[in-house]
Amino acid sequence: MRRNPKELDSTHRTLSRRALLLGGLQLAFAGGLAMRMRYLQVDQADQFLLLAEENRINIRLLPPARGQIFDRNGIALAQNSPSYRITIVPEDAGDVDKVIADLSRLIDIAPEDLERAIAEMRRSPPFLPVTLADQIDWQDISKVAVNAPALPGITPEVGLARIYPRQSDFAHVVGYVGPVSDYDLSQIDDPEPILRIPRFQIGKVGFEAKQEAELRGKAGAKRVEVNATGRVMRELDRRDGAAGADMQLTVDADLQGYVQARLGNESASAVIIDCENGDLRAISSAPSFDPNLFVRGISVADYRELTENTYRPLANKTVQGTYPPGSTFKMVVALAALEEGIIGTEETVWCPGYLEVAGRKFHCWKRGGHGNVDLNTSLKQSCDVYYYDLALKVGIDKISAMAQRLGLGVRHNLPMSAVASGLTPTKEWKARNRGEDWLIGDTANASIGQGFMLASPLQLAVMTARLATGRSVAPRLVKSIDSIEQPDGAGVPLGVNENNLRTLRRGMFSVSNERRGTGYGSRIIEETMRMAGKSGTSQVRNITAAERAAGVIRNSDLPWERRDHALFVCFAPFEKPKYAVAVVVEHGGGGSKAAAPIARDVMLQALYGGTPPLEAYPKKDRSRIRSQQERLERERPVRQLDGSDRA
């Protein structure tokens, strides 16, 4: 059947329009695709190349060298030593157990190190290295290197480890480092990425912890190429970090070593401060410990031995320990009274052996009393009744104000752990903290450094330096940072009447140099180095009326923890004070017997810059002192003082 020409024409026109529309759509799609391809391949080429590179290249941190710590003469107290370690990459090792067994036949691997490494391998990707043995010697490293072909996945490496060449001498001052823990990270807001490097170490206690930011330095970085699984293929470049700052302390390593040895097995502490500039020349707490034990992780047995020791070797008694200052506080009471014009140097107080206050007897240490006592005699013979009477006239608030002026009850700003503030109580303090009124008996107790009064050995040394100089001497521990000298602690004048200070100094001179002085037995004979001091004995128990009537039990007959603390403070030379010393012997008994001999010996060691001549000691003591000097020389650890431990 033939179609109508008109119908054919209409159909043709319809097909042409559809073809045109489809063609236009196809052309538009092709054009859009071409433009998109041009945009991606040309316009955005650099950006996508960068993204691809970032996918392929990792940035990894490089730990910096930790700043070193030196004494005032350049002797190393904390330094970095090359440390050899053995690592394993489990993926490269294949049979890990077999490789470890083969390695163990070559070198000794501590069981605890092996357990730690296995635990780390279980939680880490197989291509990451894990440390099997750390701080091994060169001989072991050589064995591993020679047998490397038979130990797949094993690599000997070298790094830096923290060591403390002076061992226990500076444990309480310098402190130690240790691996970053989860607790450490929780205490830091926005911790730096470097702190998450496995086994990265930071300061844990002491100077290492307080100066962490300066000692740590700044991390470096390296760019490495990795494959799809994250394994390192090659190193592209590296930027080394900035080493931490080197620190020089004010302490003298040799003097510190002597003081530590002189304290011996006592539970005791001693502080030597330079009166001229506040430099701490020695700050020793005994017994001590070896900080090197903590660097890699101390064993349970070693840690238990330290924590269960009654003498508390982990505690820094010089700044953390606070004690009733006993009779060493009497200079504070006397100076407060002199400044207020309440007493004169010639006025006397009658001491029958006690003073009755508010119906209660406050006893003098000398049961029969001292009779008529003036200020100089009250210090020389340490009469308690004189100070009971004096304190009641002055009042506790003025006494405490003077104590703070002299450095007690004040937290001194030192980069050491747990520096204590001590306590100089006032009426307001007792009402706020105890909810009680201040009693007149509280003032009597405070007058002889008992009751609520507390001070650290550091504070007692500062007090003595201020009495010796009349300046607000402040303790300084950091001498320089990266060779830049730090401000000293010479201080400004206290604003105290110089005549009043001279009066107290003469009284302290009498303590150490006149026959009835409590410190006479520990005097210095050398005329140019005569010492002025004050003994103290602080009770740690109450003496009942019944015990006093029957006779006070001697310290030697009491359990150690119930004996009195022994204290002694001093400065020398008397005419031109160079050093001030404070010594506290926990539960040592009388200050004149237990603490004064130590204070005299360390003072002479400081003044002479080494072992003093026997002529500086009383004749009767010289034979004993010679034996003591020889014994201490034998007992002190041998130190390598060559170039390896000097700046």
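Being a predicted model, the structure only gives us computed values, none of them experimental.

**Considerations on the confidence of the model for the protein**
Put simply, the protein has an average pLDDT of 87, and 88% of its residues get 70 or more. Note on residues 640-647: pLDDT under 50 across the span, and 18 contacts to partners over four residues away in sequence or across chains.

**Remarks on the packing of helix α14 (residues 330-340) against helix α17 (residues 396-405)**
One way to put it is that α14 packs onto α17 with a least axis distance of 9 Å and a crossing angle of 110°. Classified by the interaxial angle, the pair formed by α14 and α17 is roughly perpendicular. Handedness of the α14/α17 crossing: right-handed. Along its contact with α14, which presents Val332, Val333, Leu335, Ala336, Glu339 and Glu340, the element α17 presents Lys398, Ile399, Met402 and Ala403. The residue makeup of the contact of α14 with α17, split by class, is seven nonpolar, no polar and three charged.

**Things to note about helix α4 (residues 96-106)**
Of all the residues in α4, the buried ones are Val96, Val99, Ile100, Asp102 and Leu103. Angular distribution of buried residues about the axis of α4 spans 160°; they occupy a single face of the element. Facing away from the buried side of α4, by more than 90 degrees, are the exposed residues Asp97 and Arg105. Its buried side turned inward, α4 meets β3 (76-88), α3 (90-93), α5 (111-123), β4 (130-136), α6 (138-146) and β5 (154-163).

**Some remarks on the sheet that holds strand β12 (residues 280-286)**
With respect to topology, five strands assemble into an open sheet ordered β12-β11-β21-β20-β19, the strand pairing being antiparallel. Each end of this open sheet is capped by a strand with a single partner; those strands are β12 and β19 (532-538). Averaged over neighbouring strand pairs, the angle between their axes works out to 10° when direction is ignored. Across seven bridges, the pairing between strand β20 (residues 565-572) and strand β21 (residues 579-585) is antiparallel. In the sheet register, Cys570 faces β21, and the bridge partner there is Val581. In this fold helix α11 (residues 253-263) packs onto β11 (268-274) and β12, with an angle of close to 30° to the strand it touches most, β12. Set on the sheet, helix α21 (residues 498-513) makes contact with β19 and β20; between it and β19 the angle comes to about 75°.

**A short note on the pattern of salt bridges**
Under the counting rule described, the total for this entry stands at 29 salt bridges. Residue Lys578 is joined to Glu276 by a salt bridge in which the shortest nitrogen-to-oxygen separation is 3.3 Å. One end of the pair, Lys578, is in the loop between β20 and β21; the other, Glu276, is in the loop between β11 and β12, with 302 residues separating them in the sequence. Notably, a salt bridge pairs Asp601 with Arg600, separated by 2.8 Å at the nearest N-O pair. Note on accessibility: Asp601 and Arg600 belong to one class, buried. Taken together, the shared-partner salt bridges in this structure form one network comprising Arg66, Arg162, Glu208, Glu212 and Arg216.

**A closer look at the nonpolar core**
Leu249, Tyr386, Tyr387, Leu460 and Met463 are the most contacted members of the largest nonpolar core, which totals 96 residues. Taken domain by domain, this core gets at least three of its residues from each of domain 1 (54-75 + 166-247) and domain 3 (324-477 + 489-605). Listed in part, the 36 residues of the second largest apolar core include Val259, Phe568, Ala606 and Leu607.

**Digging into the side chain of Arg216**
Within the element layout of this structure, Arg216 appears in helix α10 (residues 212-216). At 2.8 Å, the side chain of Arg216 forms a polar contact with the side chain of Glu212. Leave out the neighbours within four places in its chain, and Arg216 touches Pro64, Ala65, Arg66, Glu192, Ile194, Leu195, Phe200 and Gly244.

**Structural notes on the pairing of β3**
Strand direction decides the pairing type here: strand β2 (residues 69-70) and β3, joined by two bridges, are antiparallel. Its bridge partner lying in β3, Phe70 is registered against Ala76. The hairpin turn running from β2 into β3, its antiparallel successor, is five residues long, and Gly74 in that turn takes a positive phi close to 90°. The pairing of β3 with β5 spans 10 bridges and is classified as antiparallel.

**Examining the pairing of β20**
Across the eight residues of β20, eight count as buried, placing the element largely inside the fold. Across the two faces of β20 the burial is the same, with His565, Leu567, Val569 and Phe571 and Ala566, Phe568, Cys570 and Ala572 all buried. Note: β19 against β20, seven bridges, orientation antiparallel. Opposite Ala532, over in β20, you have Phe571 as the bridge partner. Between β20 and β21, which pair antiparallel and follow one another directly, the connecting turn spans six residues.

**Re the packing of α14 against α21**
Helices that pack against each other are described as a pair by the angle of their axes relative to one another and the distance between those axes. α21 packs onto α14 with a crossing angle of 150° between their chain directions and a minimal axis gap of 10 Å. The angle between α14 and α21 falls in the class roughly antiparallel. Here the hand of the crossing between α14 and α21 comes out right-handed. Here α14 contributes Met331, Ala334, Leu335, Leu338 and Glu339 to the contact with α21, which in turn contributes Asn500, Leu501, Thr503, Leu504 and Met508. For the contact of α14 with α21, a count of residues per class yields seven nonpolar, two polar and one charged.

**What about the side chain of Ser285?**
As for its placement among the helices and strands, Ser285 is situated in strand β12. Judged by its relative accessible area of 1%, Ser285 falls in the buried class. A distance of 3.0 Å separates the side chain of Ser285 from the backbone nitrogen of Lys317, its partner in a polar contact. Residues within four places of Ser285 in sequence aside, it is in contact with His172, Gln260, Ala268, Ser269, Ala315, Asn316, Lys317 and Thr318.

How each quantity is defined
- Residues numbered from 1 in each chain as written.
- Predicted model: local features only at pLDDT ≥ 70, side-chain atom pairs only at ≥ 80, totals over all residues.
- Heavy atoms only, no water.
- pLDDT = per-residue confidence, 0-100.
- Contact = heavy atoms within 4.5 Å.
- Axes fitted to C-alpha atoms, helices over the stretch in contact; angles between N-to-C directions.
- Helix = DSSP H or I, 4+ residues; strand = E, 2+ residues; numbered from the N terminus.
- Parallel < 35°, antiparallel > 145°, perpendicular 65-115°, else oblique.
- Left-handed = near helix turned anticlockwise from the far one by under 90°.
- Nonpolar A, V, L, I, M, F, W, Y, C, P; charged D, E, K, R; others polar.
- Buried < 20%, exposed > 50% of the residue type's maximum accessible area, 1.4 Å probe, protein only.
- Arc of directions from axis to C-beta.
- Pairing = 2+ DSSP bridges.
- Salt bridge = Lys/Arg side-chain N within 4 Å of Asp/Glu carboxyl O.
- Core = buried A, V, L, I, M, F, W, Y, C linked by side-chain atoms within 4.5 Å.
- Domains from an automatic or database assignment.
- Polar contact = N/O pair within 3.5 Å; in protein donor to acceptor, adjacent residues only side chain to side chain.

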